[in-house]
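# Geometric and topological summary
Listed below, chain by chain, are the residues.
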Amino acid sequence: MYSFNKIIGHSDTIKSLQNSIKSNKVSHAYIINSDDFISRDMVAQTFAKTLMCVESDVESCNDCISCKTFEHQNNPDVSYIDSEDKKSIGVEQVREKLIFDINIRPYQNKYKIYIIKDADNMTESAQNAILKTIEEPCEYIILMLLSTDYKKFLPTILSRCMLIDLKPINVDSMNKYIVDNYNKKTEDVDIYAAFSEGNISRLDNLIKSKEFTEFRNDLIEITKMFLKLDIENIMKIKKFFELNEKKYEEILNYIYIWYRDINIIKSDIGIKYLINKDKKEELEHQANEITYAYLNRIIENVQYLRENIKRNLNLKLATHVMLLNVKG
Ligand SMILES: [Zn+2]
């Protein structure tokens, strides 16, 4: 059931959305952006449901006709538009589901809401088609454009929408979420929280994936190879990166987390801060084997790759350079 108090994290966003309802300053068009599909959907749907509720203001009542129909996805004043398995949302679809429908007044509510999922996949002409609706909206219209990369919107759309760019959820909320929702041992909680990086969708995938444990063990084997970066091991590591190209970011994150843990052991900060608590022995062993200088070289170079990965680097070459820099 959609309810603001059930959303994990995002408390600032929720507060400001609730304030906009309370002070009657709701916008006609929102972009809700995040690669965490679960959080993004929760925020958008809950906001829409609360706006539609006829009984209460900043939290939905769950009891009125509007709340009930909303939960069953058949509130007549809420429409969903998505790419219907196609790569993009075209102008025909937008015309049919939105433009031709928009002048019909709401049936039972104060507002009429259109939720466009993956709106950043709208073609340019589809975006142009909704521009007029955003520029001169009927007083009852609210558009919610859900996106993963808001930079894909035309500047004319961007400048006229209220942008809500959701930030990753902090580690404490993530830990609490895992304990509340999944049957996980406490020692596993940190590793799942760290690996999902504040993204509930990623967490959900991780926990459901049988391969995660296996993948993690492979990664620990990779860290063992870092102890001795001879030609053979460099080739093996490169091969692993190539075979798992789609998980490139995850691999780097994991390696980063691993050496962060080694740093904690070497600096005697305290075992309770470790993320890989269940792998303490291996961490201690590796911490004894490597020097601070070497550790810093790994952390610096891996961090550099993590920061630059989105700039369309040649990953093969970048991995090679990273390994050579670490080797020194
Ligand atoms: Zn209600």
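All values derive from a computational prediction rather than experimental measurement.

## Digging into the overall build of the chain
Counting secondary structure elements, the chain contains 15 helices and 5 strands. Based on the C-alpha atoms only, the size of the chain along its principal axes is roughly 70 × 40 × 30 Å. By residue count, 48% of the 328 residues in the chain fall in the buried class. If you take every contact in the chain between residues at least 6 apart in sequence, the share linking residues at least 24 apart comes to 71%. Entry remark: accessible area of the chain is about 17,300 Å², with carbon and sulfur atoms responsible for 49%. A distance of 2 Å separates the average location of the 46 positive side-chain charges in the chain from that of its 50 negative side-chain charges.

## Description of the packing of aromatic side chains
Given two aromatic rings, one states the distance between the centres and the angle between the planes to describe the pair. According to the stated counting rule, one finds 10 aromatic pairs in the structure shown. Ring centres 5.2 Å apart and planes at 45 degrees place the aromatic pair phenylalanine 195 and tyrosine 254 in the tilted group. In this pair, phenylalanine 195 is assigned in helix H8 (residues 186-196) and tyrosine 254 in helix H12 (residues 248-266), connecting sequence segments 59 residues apart. For the pair phenylalanine 195 and tyrosine 254, one class covers both residues: buried. Ring pairing ties together the aromatic residues Tyr192, Phe195, Phe212, Tyr254 and Trp258, which thus form one cluster. The ring of phenylalanine 215 carries lysine 247 above its face, with NZ or CZ at 4.2 Å from the centroid.

## As for the coordination of the zinc ion
For a metal with four donors in a tetrahedral arrangement, the ideal angle between donors is 109.5 degrees, while six donors in an octahedron ideally sit at 90 or 180 degrees. Bound to the zinc ion on the protein side are Cys53 (SG), Cys61 (SG), Cys64 (SG) and Cys67 (SG), at distances that span 2.3 Å. In this structure, the zinc ion is surrounded by 4 donor atoms whose angles at the metal cover 103 to 119 degrees, and the resulting shape is tetrahedral. Site description for the zinc ion: donor spacing in sequence, C-x7-C-x2-C-x2-C. Here the two residues cysteine 64 and cysteine 67 agree in accessibility, since each one is buried.

## Quick notes on the domain arrangement of the chain
The domains assigned to the chain are domain 1 (4-165) and domain 2 (210-327). Taking only C-alpha atoms into account, the centre of domain 1 sits 41 Å from that of domain 2.

## Re unusual backbone geometry
Notably, glutamine 73 is not glycine yet its phi reads approximately 55 degrees, a positive angle. Mapped onto the secondary structure, glutamine 73 falls in the loop between helix H3 (65-71) and strand S2 (78-81). If you check the backbone angles, aspartate 268 has positive phi at about 60 degrees while not being a glycine. Topologically, aspartate 268 is positioned in the loop between H12 and helix H13 (280-289).

## A closer look at the sheet that holds strand S5 (residues 162-165)
Strand pairing in a sheet is mediated by backbone hydrogen bonds. Such pairs are either parallel or antiparallel. Strands sit in the order S2-S3-S4-S1-S5 across an open sheet of 5 strands; the sheet is parallel. If you trace the sheet from one side to the other, it starts and ends with S2 and S5, each paired once. Averaged over all neighbouring strand pairs, the angle between strand axes comes to 15 degrees, with direction disregarded. Judged from the 4 bridges that link them, strand S1 (residues 29-33) and S5 form a sheet pairing that is parallel. From the neighbouring strand, isoleucine 31 faces S5, where its bridge partner is leucine 163. Packed on one face of the sheet, helix H5 (residues 124-135) meets S1 and strand S4 (141-147) and runs near 135 degrees to S4.

## As for the nonpolar core
The biggest cluster of nonpolar side chains holds 55 residues, and the ones touching the most others in it are Phe226 and Tyr259. Every residue in contact with tyrosine 259, bar those within four places of it in the chain, is listed here: Thr223, Phe226, Gln286, Ile290, Leu295, Ile298 and Ile299. Leu51, Ile113, Ile142 and Leu146 belong to the second largest nonpolar core, which has 25 residues in total.

## Brief notes about the pattern of salt bridges
Side-chain pairing between opposite charges can occur once the charged atoms of the two side chains come close. Throughout the structure, instances matching the rule amount to 21 salt bridges. Across the salt bridge formed by glutamate 84 and lysine 86, the nearest N and O atoms sit 4.0 Å from each other. For lysine 224, the salt bridge identified is with glutamate 221, shortest N-O distance 3.0 Å. Linking lysine 224 with glutamate 221, this pair stays in helix H10 (residues 211-226), spanning 3 residues, or about one helical turn.

## Let's talk about the pairing of S4
Where a strand is regular, its side chains alternate between the two sheet faces. Among the 7 residues in S4, 7 count as buried, and that is most of the element. Both faces of S4 are covered, namely the face carrying Ile141, Leu143, Leu145 and Ser147 and the face carrying Ile142, Met144 and Leu146. Relative to S4, S1 is paired through 5 bridges, and the arrangement is parallel. If you follow alanine 29 over to S4, its bridge partner there is leucine 143.

Definitions and limits used
Residues numbered from 1 in each chain as written. Predicted model: local features only at pLDDT ≥ 70, side-chain atom pairs only at ≥ 80, totals over all residues. Heavy atoms only, no water. Helix = DSSP H or I, 4+ residues; strand = E, 2+ residues; numbered from the N terminus. Buried < 20%, exposed > 50% of the residue type's maximum accessible area, 1.4 Å probe, protein only. Contact = heavy atoms within 4.5 Å. Areas by Shrake-Rupley, 256 points an atom, 1.4 Å probe, with all protein chains shown as cover. Lys, Arg positive; Asp, Glu negative; His and termini not counted. Charge placed at Lys NZ, Arg CZ, Asp CG, Glu CD. Phe/Tyr/Trp six-rings, centres within 6.5 Å; stacked < 30°, edge-to-face > 60°. Lys NZ or Arg CZ within 6 Å of the ring centre and 35° of its normal. Donors = N, O, S within 2.8 Å, 3.2 Å for Na, K, Ca; no water. Tetrahedral: all angles 85-135°; square planar, octahedral: opposite > 155°, others 65-115°. Domains from an automatic or database assignment. Pairing = 2+ DSSP bridges. Axes fitted to C-alpha atoms, helices over the stretch in contact; angles between N-to-C directions. Core = buried A, V, L, I, M, F, W, Y, C linked by side-chain atoms within 4.5 Å. Salt bridge = Lys/Arg side-chain N within 4 Å of Asp/Glu carboxyl O.

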